[in-house]
There are 2 protein chains.
Amino acid sequence: MEFLDQATARTWLATAVEEARTGLGEGGIPIGAALYGADGTLLGRGHNRRVQDGDPSMHAETAAFRAAGRQRSYSRTTMVTTLSPCWYCSGLVRQFGISRVVIGEAVTFHGGHDWLAEHGVEIVLLDDPECIGMMRDFIENNPALWNEDIGE
Amino acid sequence: MEFLDQATARTWLATAVEEARTGLGEGGIPIGAALYGADGTLLGRGHNRRVQDGDPSMHAETAAFRAAGRQRSYSRTTMVTTLSPCWYCSGLVRQFGISRVVIGEAVTFHGGHDWLAEHGVEIVLLDDPECIGMMRDFIENNPALWNEDIGE
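Source: prediction; values computed, not measured. (Residues numbered from 1 in each chain as written. Chains lettered and ligands numbered in written order. Predicted model: local features only at pLDDT ≥ 70, side-chain atom pairs only at ≥ 80, totals over all residues. Heavy atoms only, no water.)

S.K.: Teacher, can you tell me more about helix α1 (residues 6-25) of chain A here?
M.R.: Because an α-helix packs 3.6 residues into every turn, residues spaced three or four apart end up facing the same way. Residue and element names in this part refer to chain A. With 20 residues, α1 ought to run about 28 Å at 1.5 Å a step, and its terminal C-alpha atoms sit 28 Å apart, in line with that. Looking at α1, one finds that the buried residues are A9, W12, L13, T15, A16, V17, E19, A20 and G23. Looking one or two residues past α1, G27 carries a phi angle of roughly 90 degrees, positive in sign. (Helix = DSSP H or I, 4+ residues; strand = E, 2+ residues; numbered from the N terminus. Expected span 1.5 Å × (residues − 1). Buried < 20%, exposed > 50% of the residue type's maximum accessible area, 1.4 Å probe, protein only.)

S.K.: Just to check I follow, could you spell out the interface of chain B and chain A for this structure?
M.R.: Size of an interface, as often reported, equals the accessible area lost when the parts are brought together. Counting residues at the interface gives 34 residues for chain B and 34 residues for chain A. Taken together, both faces of the contact between chain B and chain A bury some 2,900 Å²; the carbon and sulfur share is 57%. Interface area lost by chain B to chain A is led by R70, Y88 and Q95 of chain B, which between them contribute 25%. Here R70 of chain B ties to E148 of chain A by a salt bridge, and the two come within 2.7 Å at their closest N and O atoms. Along the contact surface separating chain B from chain A lie eleven residue pairs in polar contact (both at pLDDT 80 or more). Of all the secondary structure elements, the ones that give two or more residues to the side of chain B that touches chain A are α2 (50-53), α3 (60-67), α4 (87-96) and α7 (143-149) of chain B. Here the element with the most residues in the side of chain B that touches chain A is α4 of chain B; it accounts for seven residues. (Contact = heavy atoms within 4.5 Å. Buried area = accessible area lost by both parts, 1.4 Å probe. Salt bridge = Lys/Arg side-chain N within 4 Å of Asp/Glu carboxyl O. Polar contact = N/O pair within 3.5 Å; in protein donor to acceptor, adjacent residues only side chain to side chain.)

S.K.: What is the right way to look at the pattern of salt bridges in this model?
M.R.: Pairing is possible between side chains that carry opposite charge, provided their charged atoms lie close to one another. Residue and element names in this part refer to chain B. Taken as a whole and judged by the stated rule, the model has 18 salt bridges over all chains. With a shortest N-O distance of 2.8 Å, E130 and R21 are connected by a salt bridge. Of the two residues, E130 sits in helix α6 (residues 129-141) while R21 sits in helix α1 (residues 6-25), which places them 109 residues apart along the sequence. The exposure class assigned to R21 is partly exposed, which follows from its relative accessible area of 43%. Taking the shortest distance from any N to any O, the salt bridge between D149 and R50 comes out at 2.6 Å. Note that D149 is positioned in helix α7 and R50 in helix α2, a separation of 99 residues in sequence.

S.K.: What's the story with the environment of V107 of chain A in this structure? I'm lost.
M.R.: Residues and elements named next belong to chain A. Among the secondary structure elements, V107 is positioned in the loop between β4 (100-103) and α5 (113-118). Each C-alpha atom of the pair V107 and R136 lies 9.0 Å from the other, and the pair is 29 residues apart in sequence. Leave out the neighbours within four places in its chain, and V107 touches D127, I132 and R136.

S.K.: Explain the relation of the copies chain B and chain A here, please?
M.R.: The second copy of the chain is related to the first by a rotation about an axis and a shift along the axis. Under the fitted operation, chain B is carried onto chain A by 0.0 Å of movement along the axis and a turn of 180 degrees, and the coordinates agree to an RMSD of 0.0 Å. In the structure described here, the two chain copies are related by an operation that fits a two-fold rotation axis. Relative to the rotation axis, the closest C-alpha in chain B is found at G91 of chain B, a distance of 2.4 Å. When you check the interface residues of chain B against chain A, 100% turn up at the interface there too, and the contact is symmetric in its surfaces. (Least-squares fit on C-alpha atoms with pLDDT ≥ 70 in both.)

S.K.: Looking at this structure, how should I read the UniProt feature "domain: CMP/dCMP-type deaminase" (unreviewed entry) in chain A?
M.R.: Mapped onto this structure's residue numbering, the UniProt feature "domain: CMP/dCMP-type deaminase" (unreviewed entry) falls at residues 7-123 of chain A. Taken end to end, residues 7-123 of chain A comprises 40% helix and 18% strand; its first and last C-alpha atoms sit 16 Å apart. (UniProt positions renumbered as here; feature names shortened; annotations may be inferred.)

S.K.: Would you mind going over the pairing of strand β5 (residues 122-125) of chain B with me for this structure?
M.R.: A regular strand carries its side chains on alternate faces of the sheet. Residues and elements named next belong to chain B. Bridge analysis of strand β4 (residues 100-103) against β5 gives four bridges, and the strand direction is parallel. Across the sheet, the residue bridging to I103 is L125, located in β5. With helix α5 (residues 113-118) bridging β4 and its parallel neighbour β5, the resulting β-α-β unit is right-handed. (Pairing = 2+ DSSP bridges. Right-handed = clockwise from strand over helix to strand, strands pointing away.)

S.K.: I keep staring at the sheet that holds strand β1 (residues 32-36) of chain A and nothing clicks. Help me out?
M.R.: Two pairing modes exist for strands in a sheet, parallel and antiparallel, and in both the strands are linked by backbone hydrogen bonds. All names here are of chain A. Here five strands make up an open sheet; going across it, the order is β2-β1-β3-β4-β5 and the pairing mixed. Pairing within the sheet leaves two strands with one partner each, and these edge strands are β2 (42-47) and β5 (122-125). For this sheet, the mean inter-axis angle between neighbouring strands, taken without regard to orientation, is 15 degrees. This element, helix α3 (residues 60-67), spans β1, β2 and β3 (78-81) of the sheet and lies at about 140 degrees to β2. (Axes fitted to C-alpha atoms, helices over the stretch in contact; angles between N-to-C directions.)

Below is the structure:
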């Protein structure tokens, strides 16, 4: 993989943050994601849809993956997400050979990104204050819904 | 978890096999799954929908999980699948605390079920000849489609 400069990582994260804000505005869980191709093309974007669609299978990352449609290969693609990916979404990244994950924050939730790093996935952790603030507020105000979304 | 007798495991597997056959009849990848509750209630069932819906996020297990809708807890539930779950679907099982996985076969594809067993999930591997035959024929006749579905 080529080196991902901080400016590009931040620009890509902004797409995921926009998705998270849209989800929050719909009354949903504010987690957003986007899948970028090797050449920087946006392949798909989405946000958690548990509340909006009553669909527990649509985490932000799976929504972005679905939006990208069928792809022959995920080699050199980057999954960008506002929050550290849970085991479900980490499993997605590993199974499909997504090469890199850009993560907004891993303070409010620490998912499977260390496991992904061990298995050769490049992890870019940004520690973004807006992502942290958005999730911290949401979890504080909706603990039951948050626990439902991560199966706790 | 209570002991799962072979007769119940086979009956539950038949639901997943029926889903796989439906998928095959639709021109899709023949993998089916069903999620059963602690009391043996069928919570949801589904099959791989990559071809039918152009949706790479709908593996059999995620389709059954989605069909079950929002659940407060997956404790003591059983995911039944015709094929060893890939990393994506294994991650689903681990994240949501699904307690048991009944697997039709792990001959044509060996996914993440050993990892699940290490993390306390009860694995029931049935080595079912019909499941093996259905996948073997499918992979032989559709190698590109199968590789696409597992990201290879």
